[in-house]
Amino acid sequence: MKVALVYSARDLAGIGMAEKIRDLQGDQFRIGNSSVELIKYEREVLYVKDEEQLGAEDADFIVVLSRHSGTPNVPIFTAHVPGNFGQAKFGGEHFTLGVAIPSLMKEYLKAVSKIAPKIGYEVGFEPTHHGPTLDTPLAFLEIGCDEVAWKDPKGVEAASYSVIEALENWKPGKYVPAIAFGGPHINNHFTAVELYTKFAIGHAARKLDAGWVDLPMIKQALERNGEVTEYAIVDNKGLRGEERARIEEALRELGVNVIRVKKILRESREKAKEEV
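This one's a predicted model, so the numbers in the text were calculated from it and none came from an experiment.

Enquirer: I keep staring at the packing of aromatic side chains and nothing clicks. Help me out?
Expert: For any pair of aromatic rings, the description rests on two quantities: the centre-to-centre distance and the angle between the ring planes. Evaluation of the coordinates by the stated rule reveals four aromatic pairs. Relative to W170, the ring of F61 has its centre 4.8 Å away and its plane inclined at 90°; by these criteria the two rings are edge-to-face. Of this pair, F61 sits in strand β4 (residues 61-69) while W170 sits in the loop between α5 (153-169) and β10 (176-181), and the two are 109 residues apart along the sequence. Take F61 and W170: they sit in the same class, and that class is buried. We note R67 situated over the ring of W150; from NZ or CZ to the ring centre the distance is 5.8 Å.

Enquirer: What should I look at first to understand the packing of helix α6 (residues 188-196) against helix α9 (residues 261-275) in this one?
Expert: Two numbers describe a pair of packed helices, the interaxial angle and the distance between the axes. Where α6 contacts α9, the two axes come as close as 10 Å, and the packing angle between them is 40°. Here α6 and α9 pass one another in a crossing that is left-handed. On α9, the residues touching H189, F190, A192, V193 and Y196 of α6 are V261, K262, I264, L265 and S268. Partitioning the contact of α6 with α9 into residue classes produces seven nonpolar, two polar and one charged.

Enquirer: What is the right way to look at the sheet that holds strand β13 (residues 257-260) in this model?
Expert: In a beta sheet, neighbouring strands pair by backbone hydrogen bonds and run either parallel or antiparallel. With parallel pairing, the four strands of this open sheet are ordered in space as β11-β10-β12-β13. Edge positions in the sheet fall to β11 (199-205) and β13, since each has one partner strand and no second. Sheet twist, expressed as the average angle between the axes of neighbouring strands with direction ignored, equals 30°. Each of β10, β12 (231-234) and β13 is contacted by helix α8 (residues 241-253), which is oriented at about 145° to β13, the strand it contacts most.

Enquirer: Please clarify how the side chain of E227 should be interpreted in this entry.
Expert: The residue E227 is located in the loop between α7 (215-223) and β12 in this model. One buried charged side chain, E227, makes no salt bridge at all; its nearest oppositely charged neighbour is K106, positioned 11 Å away. Ignoring sequence-local partners within four residues, the contact set of E227 consists of P102, S103, P172, G173, Y175 and P177.

Enquirer: How should I be thinking about empty space enclosed by the protein in this particular structure?
Expert: By rolling a water-sized probe across the atoms, one finds the places where empty space is left. Counting across every chain of the model gives one cavity of 30 Å³ or more. Each pocket or cavity is described by its volume, and for the largest cavity that value is around 30 Å³. Lining the largest cavity we find F125, E126, P127, G182, P184, H185, N187, F190, A204 and R206. Among the residues forming the lining of the largest cavity, the class breakdown is five nonpolar, three polar and two charged.

Enquirer: Explain the layout of surface pockets to me, please; I cannot follow it from the model alone.
Expert: Its volume calculated, the largest pocket comes out at about 340 Å³. Approximately 270 Å³ is the volume found for the second largest pocket. The set of elements that each furnish at least two residues to the lining of the second largest pocket consists of β4 and β9 (138-145). Sorting elements by how many residues they give to the lining of the second largest pocket places β4 first, with six residues. Each residue belonging to the lining of the second largest pocket can be placed in one class, and the counts come to six nonpolar, nine polar and five charged.

Enquirer: Explain the nonpolar core here, please?
Expert: The nonpolar side chains of soluble globular proteins are, as a tendency, buried together. If you look at the biggest cluster of nonpolar residues, it comprises 55 residues, and the most contacted ones within it are L5, L65 and I233. Per-element tally for this core: the top contributor is α5, with seven residues. What L65 contacts, discounting residues up to four positions off in sequence, is L5, V6, Y7, D11, G14, M17, A18, I21, L38, L141 and V163. The next biggest cluster of nonpolar side chains, apart from the first, holds 18 residues, and it includes F85, I179, F181 and A221.

Enquirer: Any chance you could explain the pattern of salt bridges here in plain terms?
Expert: Where charged atoms from two side chains of opposite charge approach closely, those side chains can pair. With the rule as written, the count across this model stands at 15 salt bridges. Ionic pairing is found between E157 and K20, a salt bridge with its closest N-O pair at 3.7 Å. Taken together, the residues span a long stretch of sequence, with E157 in helix α5 and K20 in helix α1 (residues 12-25) at a distance of 137 residues. For E157, a relative accessible area of 38% puts it in the partly exposed group. A relative accessible area of 23% means that K20 is categorised as partly exposed. A salt bridge links R260 to E248, with the nearest nitrogen and oxygen atoms 3.0 Å apart.

Cut-off values and rules
In this numbering scheme, every chain counts its residues from 1 along its sequence in written order. At least 70 in pLDDT is required for a residue's local features to be given in this predicted model, at least 80 for side-chain atom pairs to be given and counted, and no such filter applies to totals for whole chains, interfaces and linings, which use all residues. Based on all heavy atoms of the structure, the side-chain values leave hydrogens and waters out of the count. For Phe, Tyr and Trp, rings pair up if their centres lie within 6.5 Å, where Trp contributes its six-membered ring, and each pair is then called stacked (planes under 30 degrees apart), edge-to-face (over 60) or tilted (otherwise). By definition, any uninterrupted DSSP run of H or I lasting at least four residues is a helix, any uninterrupted run of E lasting at least two residues is a strand, and each is numbered from the N terminus. Working definition: with a 1.4 Å probe on protein chains only, accessible area under 20% of the residue-type maximum means buried, over 50% means exposed, and in between means partly exposed. We call a charge positioned above a ring when the Lys NZ or Arg CZ atom is no farther than 6 Å from the ring centre and deviates by at most 35 degrees from the ring normal. Axis definition: a line fitted to C-alpha atoms, limited for helices to the stretch in contact. Angles are taken between N-to-C directions and run from 0 to 180 degrees. Handedness of a crossing follows from how the near helix is turned relative to the far one, being left-handed for an anticlockwise turn of less than a right angle and right-handed for a clockwise one. When checking whether two residues touch, look at their non-hydrogen atoms; a contact exists if any pair is within 4.5 Å. The nonpolar class holds Ala, Val, Leu, Ile, Met, Phe, Trp, Tyr, Cys and Pro. Asp, Glu, Lys and Arg form the charged class, and all remaining residues, Gly among them, are polar. Only strands joined by at least two bridges in the DSSP assignment are considered to pair. For the purpose of charge, His is not counted, nor are the chain termini; Lys and Arg are scored as positive and Asp and Glu as negative. One side-chain nitrogen of Lys or Arg within 4 Å of one carboxyl oxygen of Asp or Glu is enough to make a salt bridge. In this analysis the probe radius is 1.4 Å and the grid spacing 1 Å, with only protein atoms considered; a cavity is a set of points the probe fits into but cannot get out of, a pocket is an open set with protein on both sides within 12 Å along at least five of seven lines, and lining residues have an atom within 4 Å of a point. Grid points are joined across faces, edges and corners, and a volume is the space filled by probe spheres set on the points. Only buried Ala, Val, Leu, Ile, Met, Phe, Trp, Tyr and Cys residues count toward a nonpolar core, and they belong to the same one when joined by side-chain atoms within 4.5 Å.

Structure follows, in structure tokens:
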């Protein structure tokens, strides 16, 4: 299995992570059954049209080491799938989703969450957004939210070690894959699902994109979630009533098990208490 760790020459966070991983492992290395290679791309990764542009045409999986910009305006480590539930404003194709790597994103967030509080960072799961929309499974693993964080040695080191740990622990089938709907851009409920439950979320549509979510887009999210997916997690209060009803009706029409996010988190807390 070949994994390409791609970073942009225009991305300070990606450059820092790549340099640290190179110091630790070299440009090419093995982790378990995976052959891993660092690949530098001279332009912005968001706008590539195919794997060959990245030099990753032989990769089975692509991991983009990247900066995160914008919300929530505090130091944070994030992970997400690329794709556009609606119009493509920042790369990729309109109404097209990339292929997710749910379990790897979960492993990254779990690994970095052990370090983040000690160095003043938060951890956040992000919804599906921006390009590229390729056919090779791809995940963005990121540091945010500004140039101070992108260049912070402690943040870069934490992210880099966490990428390596995620690759070491990553095993498709280890978790229950899911797609998710609702809430703000960084949804604390979905982040908690990633950190504390058996579910690994791939594609997620935030409240802002819910108007674009119809049956064909939901079907695409399921087909391009990277692993066979039978569950959808819904943030009940993170969607308008009519949008929630439409989305849940389409999910049930497709035979998907619909679970409310607060129910999952409540059951996870109860199970944790029983195990103490």
